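# Results of the structural survey
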Amino acid sequence: QEQLAESGGGAVQAGASLRLSCVASGLRVDLYSIGWFRQAPGNKREGLSCFASGAGGSWVTPSVSDRFTISRDSTKNTVYLQMNNLKPDDTAVYYCATDCYDDYGGIWGRGTQVIVSA
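Described below are features of the structure shown in this document. Computed from a predicted structure; not experimentally measured.

## Things to note about the state of the cysteines
Per the counting criterion, the structure on display carries two disulfides. Cys 22 shares a disulfide with Cys 96; S-S distance 2.1 Å. Its S-S torsion of about 80° marks the bond between Cys 22 and Cys 96 as right-handed, since a negative value means left-handed. Residue Cys 22 is located in strand β3 (residues 18-25), and its partner Cys 96 is located in strand β9 (residues 92-97); the two are separated by 74 residues in the primary sequence. Given a relative accessible area of 0%, Cys 96 falls into the buried group. In this model, Cys 50 is linked to Cys 100 through a disulfide, with the two sulfur atoms separated by 1.8 Å. An S-S torsion of about -65° defines the bridge between Cys 50 and Cys 100 as left-handed. With Cys 50 in strand β5 (residues 46-51) and Cys 100 in the loop between β9 and β10 (112-117), this residue pair connects regions lying 50 residues apart in the sequence. A relative accessible area of 0% means that Cys 50 is categorised as buried. Judged by relative accessible area, which is 11%, Cys 100 ranks as buried. Ordinal numbering of bonded cysteines along the protein chain defines a disulfide pattern of 1-3, 2-4.

Calculation criteria
The written sequence of each chain sets the order in which its residues are numbered from 1. In view of the model being predicted, local features appear only for residues whose pLDDT reaches at least 70, and side-chain atom pairs are presented and counted only at 80 or more, with totals across whole chains, interfaces and linings using the full set of residues. Each side-chain value is worked out from all heavy atoms of the structure, with water and hydrogens disregarded. The disulfide definition used here is simple: a pair of cysteine sulfur atoms within 2.5 Å. Secondary structure elements follow DSSP: runs of H or I of four or more residues count as helices, runs of E of two or more count as strands, with numbering from the N terminus. Accessibility here uses a 1.4 Å probe with only protein chains present; expressed as a share of the type maximum, an area under 20% marks a residue as buried, one over 50% as exposed, and anything in between as partly exposed.

Written as structure tokens, this is what we have:
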């Protein structure tokens, strides 16, 4: 079965860094586009970043591109989201999906919680 599992979230103070992992099973991350999204309570889901399939490139949405980076390690079948200088507004559940733009209805993980305290 095809699954994604996020990990690496936690409760941190503002200014800290976290690296989120999206581990794929039943699929290869180099053959699928893998996107990162987040959703805070009361907010709509926000697309953050994506690593395109195959030899495709990656992007990070401008609102966080100065602090977040995406990377892919095909040997570990994992896509990472490195988040630096975290801010309280980054508090959300972070998801990965086989989708760059939340318009496909692909495979979604269950999410990992990130809480950033001032």
